[in-house]
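One letter stands for each residue in the lines below.
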Amino acid sequence: MSSLAHKRKRSRYTLAQNAQLALQIIILIAAVVFALFPIIWVASAALNPAQSMVTQSIIPPLPEVRVVYAKEPGTLLQIAAPNGTRVERSAELVLLVEVDGKEKELRAIKNGYVENIRISVGESYVEGDALYDISSSYFINFDTLLNTPRKPFLRWMVNSCVIASISAVVIVLVTAFSAYSFSRFRFYGRRSLLVLILLVQVFPNLLALVAIYLMLQQIGNHIPFLGLNTAGGLMLVYIGGGMGINIWLMKGFFDSVPRDIDESALVDGASHWQVYWHLIFPLVRPVLVVVGILSFVGTYNEFVLARVMLRDKDTWTLMVGLWQYISANFAQDWGVFGAGAIIGALPSLAIYLMLQDQIVGGLTQGAVKG
Amino acid sequence: MNRQAASDNQTRRNRGGSDVLRLFITYLALALVDAFALYLIYVFAADGVIELAVAVGVVTIGVNIINLRQGLYALRWIAPALSLMVLMVVYPIVYTVYVSFTNFGDGNLLTKQQVIRILSQETYLPEGGKVYAWAIYANAAGDYALWLTDRNADDRYYFATLGGFEAVESVAAGADLPAEYRGYQLLGRREALQAAREAEELGFGTADQPIGIAGRREAGEFAQRLVYQPETDAILDMETGSLYRAVYDYGRDETSGEPYQTGQFVNDQGDTLRTGFRAGIGTQNFSSFIDNDEIRGPLIRIFLWTIGFSLASVFTTFALGLFFALIMQNQRIPLRKVFRTLLIIPWAIPGLISVAVWRGMLNENLGVVSNIIRAFGLEPPPFFIDPGWAKLGILLVNLWLGYPYFMLVCSGALAAIPSDMYEAAEVDGAGWWRKFRDLTLPLLLVAVGPLLIASFTFNFNNFTIIEAYDEGGPPMKEAGNLPAGHTDILISYAFRLAFGSGRGSDFGLASAITIVIFAMVACVTLLQYRLTKGWEETSENV
């Protein structure tokens, strides 16, 4: 019965409409390819054990476990894997060979990448002996990423998360107070102050860097944890810079809460603090969470200020650290960068995909309401 | 006694009710804040950073007024945010405005006082000044003294302490140095090295017989070479006698047309001392936009590209986003939610990572896009070498980054358009194009218009994409020594002027450009504000 009705309903569509639908689906599929192509590429690079950004296929070929055989002394030792194949995290590859009846270690491979090795005359071994197993895996880039002490990726990630979380919480708490005041009180200069905040906010603080830098340097002389090269100092910059736009955004939300609620409470003798804390705050809490998360993502993704303010590797944030993998003109390492990019993008990606509706709602509402 | 009184006070207030308690807490908190602020003001002023001390002072006074005057109750809620903004946003802006009227930059990094202090450390050996070989002694108190040997006078010995100078009579000329002399011990070789480093800074001898260490072997009657004379505002070189006047002037030489060197000590021959100082140069940074050929040409092109880039970015991202949103309106499309989620992924990835990935993909030799193009037998375009292709590449990347936002926004706005309007239009026999042009677009623009302007201002200052794509490259040849690139927008150009690697910093010029950017963006923002009728909305509420 229902399937009959379904059929009849379906037959209502004309051929032209069906053709249009087909075309639309094709366009959407093409759009998805456009959208996902870079992501597939970076995932492929991350899985590629070869140290190169050339990927012939989406799933890169994995070097098999190979055995290196010795040939005659003085010749180039042929290693049966392409040059540049990553074999081990940054440790050296050690070959064991017998020289004059004694075992000898040959350290000839740099940074865990395979290169051809020349064996000196006089070093003898039995032809056909297995010298070393080269093994590799798809996760060798992740392994390198997480286990290179000179580039403490996990440390950077923790730094980023700590800085972004604290900044986001402080921004939300401080701006929520201001938004309550702008939304609920009527005072002299209120409108001018709002416009002033809006205008001051559009100043590209990227370019006030000289002043900010000198200021943090000076502050750091007396309050070390807020100085240059510290998470505290960077948070101070982020929090200060996050005030204006969020005051406006929050004011929009506070305005959407009907004033009758708090006016009746005020008439009953409640203080403003009680109204704010017990009435308004619970109502806007979901919005505050969204604003906080947006601040978190914005701070987490910020790069330029962090790069200028943080000089020690240990204090770097994720973005500053990741950039190092590809910024140097030689020594670009797309495989490790790809692995880092995937891990680094996960928090932001998860947040956006989970909260897409709220975020769009918040953005349009905040923006349209001014 | 005092503590007793205070605690009595407190208990009385507690009994007095919560209002009094709150007042007490407020005052206590305020007192703590003030104490901390006073400490900061004191140390900043002591360090000579007056401007920061003033900023902290202004904030502190503001916070106190707001919290002590009952009429300003509403502002108490805003005070924390305002304090943070004044310190971290307004103060840097004011500072930037100040810098834009100075020559602050490499070669002129220090204030005049600092430069004078550094220059005054230079010494010279006046005519007739004696040179000695020296050895270092120290007494129990840690004071140093020098044992001096006059090589030109049969190795006669002298002994110079801090504030004393005497010819040594008790030790014969040419004899071994005594291990101890007048309570001072001769230092061993290792100690002497360390001591010499400290003693180099000291002046030994009397006012008539000043002795300073000049090198590893030489000490002598060295005198300060460069002496600042406040009455003429000039530095006198005691060795050559030439007078270096402090030059603050700006402008150009009448005859040669060369710009004056500002913030330098210059003598009559036009020579300058090695360190310049920070000086106000009026509007020279701004007028150099027009006067200076190396600045003007590139700046105009960068400005045009900034506008073009912003407009093109807004237009392309909006058009593609709207296009996808229109398609997604069709309810019959299977898995709509999945499509939507997949399509907004570019938006959810940190911009820096995305641009970096695209940079890798577009790489001419190894990038995957180039490889694909090559697979079709075509020559891959030079995305990083040719200015035109580089700009195209940036727009492509920005399109990828930006369309999901407008797709989401347009989807929302389209859903808000009542369907009966379309039905009415269909009754009137309107085709899809007429419906789109006369109905959808106007209604959409009302809702999305402010966001388009916001997107324009965002892209106007979209530093990340320019920097991550190719750091503004390829370089502009006309710019000479200045670090301008063909894909630079104003903000990235200013950033490079200020923090450019290797080519020296010109904070003054960078700040001047910043002010111009600020002025333009502020105007656009005000326009947006008016368009969104925010003005009317807030006016209503007042």
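Computed from a predicted structure; not experimentally measured. (Residues numbered from 1 in each chain as written. Chains lettered and ligands numbered in written order. Predicted model: local features only at pLDDT ≥ 70, side-chain atom pairs only at ≥ 80, totals over all residues. Heavy atoms only, no water.)

## Considerations on the overall build of chain A
Looking only at helices and strands, one finds 14 helices and six strands in chain A. By the burial criterion, 49% of the 370 residues in chain A qualify as buried. Element-wise, carbon and sulfur atoms account for 62% of the exposed surface of chain A, whose accessible area totals about 17,300 Å². (Helix = DSSP H or I, 4+ residues; strand = E, 2+ residues; numbered from the N terminus. Buried < 20%, exposed > 50% of the residue type's maximum accessible area, 1.4 Å probe, protein only. Areas by Shrake-Rupley, 256 points an atom, 1.4 Å probe, with all protein chains shown as cover.)

## Quick look at the overall build of chain B
Assigned secondary structure in chain B consists of 19 helices and 15 strands. Here chain B holds 542 residues, and the buried ones make up 47% of them. For chain B, contacts bridging at least 24 residues in sequence account for 59% of all contacts bridging at least 6. A total of about 27,600 Å² of accessible surface is found on chain B, and carbon and sulfur atoms cover 58% of it. (Contact = heavy atoms within 4.5 Å.)

## Remarks on the interface of chain B and chain A
By a widely used convention, the size of an interface equals the accessible area lost when the partners come together. Listed per partner, the contact involves 96 residues of chain B and 98 residues of chain A. Of the roughly 9,000 Å² buried between chain B and chain A, counting both surfaces, carbon and sulfur atoms make up 80%. Joining chain B to chain A, the criterion identifies one salt bridge. Here Arg 307 of chain A and Glu 467 of chain B are joined by a salt bridge, their closest N and O atoms 3.8 Å apart. Ranked by residues supplied to the side of chain B that touches chain A, first place goes to helix 4 (residues 73-100) of chain B with 19 residues. (Buried area = accessible area lost by both parts, 1.4 Å probe. Salt bridge = Lys/Arg side-chain N within 4 Å of Asp/Glu carboxyl O.)

## Considerations on the nonpolar core
By size, the foremost hydrophobic cluster in this structure holds 214 residues, and its most contacted members are Phe 254 and Phe 337 of chain A together with Leu 343, Ile 353, Val 448, Tyr 469 and Ile 513 of chain B. In this structure, Ile 353 of chain B is in contact with Met 319, Leu 322, Phe 337, Ala 341 and Ala 345 of chain A, ignoring residues within four places of it in sequence. By size, the runner-up hydrophobic cluster in this structure holds 18 residues, among which are Ala 138, Leu 146, Tyr 158 and Ala 160 of chain B. (Core = buried A, V, L, I, M, F, W, Y, C linked by side-chain atoms within 4.5 Å.)

## Comments concerning the sheet that holds strand 14 (residues 243-247) of chain B
Residue and element names in this part refer to chain B. Taken in spatial order, the four strands make up an open sheet running 12-13-14-15, and their pairing is antiparallel. Strand pairing shows two members of the sheet lacking a second neighbour, strand 12 (226-229) and strand 15 (264-266), which therefore form its edges. Mean inter-strand twist for the sheet, computed between neighbouring axes without regard to direction, equals 30°. As paired elements, strand 14 and strand 15 share three bridges and run antiparallel to each other. Bridge assignment links Ala 246 to a residue of strand 15, and that residue is Phe 265. Helix 5 (residues 112-119) rests against strand 12, strand 13 (234-237) and strand 15 of the sheet, and its axis sits at about 55° to strand 15. (Pairing = 2+ DSSP bridges. Axes fitted to C-alpha atoms, helices over the stretch in contact; angles between N-to-C directions.)

## Section: the packing of aromatic side chains
Tallying each qualifying case throughout the model produces 52 aromatic pairs over all chains. Seen in terms of ring centroids, Tyr 276 of chain A and Phe 281 of chain A are 5.8 Å apart; in terms of plane orientation they differ by 55°. Their pairing is tilted. In this structure Phe 281 of chain A comes out as buried when scored by relative accessible area, which is 12%. Pairing Tyr 137 of chain B with Phe 159 of chain B gives two aromatic rings, centres 5.7 Å apart and planes at 85°, and the pair type is edge-to-face. On the criterion of sequence distance, the pair formed by Tyr 137 of chain B in strand 2 (residues 131-138) and Phe 159 of chain B in strand 4 (residues 156-161) is long-range, its members being 22 residues apart. Taken as a pair, Tyr 137 of chain B and Phe 159 of chain B share a single burial class, namely buried. Of the aromatic side chains, those joined through ring pairs into one cluster are Phe 177, Tyr 180, Phe 185, Phe 254, Trp 273, Tyr 276, Trp 277 and Phe 281 of chain A together with Tyr 73 and Trp 77 of chain B. (Phe/Tyr/Trp six-rings, centres within 6.5 Å; stacked < 30°, edge-to-face > 60°.)

## With respect to the confidence of the model for chain B
Residue and element names in this part refer to chain B. Across chain B, pLDDT averages 81, with 91% of residues at or above 70. Taken as a whole, residues 1-16 scores under 50 in pLDDT and shows five contacts with residues more than four places along the chain or in a different chain. Overall, residues 535-542 carries pLDDT values under 50, and its contacts beyond four positions in sequence, including any with other chains, amount to 17 contacts. (pLDDT = per-residue confidence, 0-100.)

## Overview of unusual backbone geometry
Residues and elements named next belong to chain B. With a phi angle near 50°, Arg 182 is a residue other than glycine that sits in the positive phi range. Inspection of the secondary structure puts Arg 182 in the loop between strand 6 (180-181) and strand 7 (184-186). For Leu 335, which is not a glycine, the phi torsion comes out positive at approximately 55°. Residue position: Leu 335 is located in the loop between helix 8 (293-328) and helix 9 (336-343).

## Considering the packing of helix 11 (residues 351-362) of chain B against helix 12 (residues 368-375) of chain B
Residues and elements named next belong to chain B. Two numbers describe how helix 11 lies on helix 12: the axes approach to 4 Å, and their chain directions differ by 30°. Judged on the interaxial angle alone, helix 12 and helix 11 are roughly parallel. For the pair helix 11 and helix 12, the contacting residues are Gly 360, Met 361 and Leu 362 in the first and Val 368, Val 369 and Ser 370 in the second. (Parallel < 35°, antiparallel > 145°, perpendicular 65-115°, else oblique.)

## Concerning the side chain of Arg 190 of chain A
Residue and element names in this part refer to chain A. Along the chain, Arg 190 falls in helix 5 (residues 190-201). For Arg 190, which is buried and forms no salt bridge, the nearest opposite charge comes from Asp 255, at a distance of 5.5 Å. Within the structure, the side chain of Arg 190 is placed 2.8 Å from the backbone oxygen of Phe 182, a separation counted as a polar contact. (Lys, Arg positive; Asp, Glu negative; His and termini not counted. Polar contact = N/O pair within 3.5 Å; in protein donor to acceptor, adjacent residues only side chain to side chain.)

## A look at the pairing of strand 13 of chain B
Residues and elements named next belong to chain B. Here strand 12 pairs with strand 13 via four bridges, running antiparallel. By the bridge assignment for strand 13, Gln 229 is matched with Ala 234. Hairpin connection between strand 12 and strand 13: a loop of four residues separates the two successive antiparallel strands, and Asp 233 in this loop has a positive phi of roughly 55°. Where strand 13 and strand 14 come together, three bridges link them in antiparallel fashion. Opposite Leu 236, over in strand 14, you have Leu 243 as the bridge partner.

## Some remarks on the pattern of salt bridges
Scanning all chains against the criterion turns up ten salt bridges over all chains. The partner of Lys 251 of chain A in a salt bridge is Asp 255 of chain A, with the nearest N and O atoms 2.8 Å apart. Of this pair, Lys 251 of chain A and Asp 255 of chain A both sit in helix 8 (residues 243-255), separated by four residues, roughly a single helical turn. One salt bridge in this structure joins Asp 438 of chain B and Arg 437 of chain B, with 3.2 Å as the shortest N-O distance. Look at the salt bridges and you will find they share partners, linking Arg 307 of chain A together with Glu 467, Asp 488 and Arg 496 of chain B into a network.

## With respect to a nonpolar patch on the surface
Residue and element names in this part refer to chain A. Among the surface-exposed residues, Val 158, Val 162 and Ile 166 lie close enough to one another that they form a single nonpolar patch of about 230 Å² accessible area. Note that Val 162 resides in helix 4 (residues 153-184). Residue Val 162 is classed as partly exposed on the basis of its relative accessible area, which comes to 38%. (Patch = residues over 30% accessible without salt bridge, like charges linked within 9 Å, V, L, I, M, F, W, Y side chains within 5 Å.)

## Looking at helix 15 (residues 432-460) of chain B
A rise of 1.5 Å per residue sets the reference length of helix 15 of chain B, with its 29 residues, at 42 Å; its end C-alpha atoms lie only 34 Å apart and thus fall more than 12% short of the reference. At Val 448 of chain B, helix 15 of chain B shows its largest bend, some 55°, and a proline, Pro 450 of chain B, comes one to four positions later. (Expected span 1.5 Å × (residues − 1). Bend = angle between axes of the 7 residues up to and from the residue.)

## Re the confidence of the model for chain A
Residue and element names in this part refer to chain A. Averaged over every residue, the pLDDT of chain A is 75; the share at 70 or more is 69%. Predicted confidence for residues 73-135 stays below pLDDT 50, and this span has 156 contacts to residues more than four positions away or in other chains. Counted against residues more than four places away or in other chains, residues 366-370, with its pLDDT under 50, gives ten contacts.

## Comments concerning the pairing of strand 3 (residues 144-150) of chain B
All names here are of chain B. Counting buried positions along strand 3 yields seven of seven residues, so the element is predominantly enclosed. For strand 2 and strand 3, the ladder comprises six bridges, and the chain directions are antiparallel. Residue pairing in the sheet places Ala 133 in a bridge with Thr 149 of strand 3. A loop of five residues connects strand 2 with strand 3, the two strands running antiparallel in sequence, and Gly 142 in this loop sits at a positive phi of about 90°. When strand 3 meets strand 4, the two strands line up antiparallel, connected through six bridges. Paired with Leu 146 across the bridge in strand 4 is Ala 160. Counted along the chain from strand 3 to the antiparallel partner strand 4, the turn is five residues long, and its residue Asp 154 has a positive phi close to 55°.

## Here we look at helix 12 of chain B
What helix 12 of chain B keeps buried is the set Val 368, Val 369 and Ser 370 of chain B. Looking at the buried residues of helix 12 of chain B, the elements they touch are helix 2 (15-47) of chain A together with helix 11 of chain B. Phi turns positive one or two residues past the end of helix 12 of chain B, at Gly 377 of chain B, with a value near 80°.

## Some details on the side chain of Thr 230 of chain A
Residue and element names in this part refer to chain A. You can see Thr 230 is positioned in the loop between helix 6 (209-222) and helix 7 (231-241). Within the local environment of Thr 230, its side chain forms a polar contact with the backbone nitrogen of Gly 233, the two atoms lying 3.1 Å apart. Setting aside anything within four residues of it in sequence, one finds Thr 230 in contact with Pro 224, Phe 225 and Leu 310.

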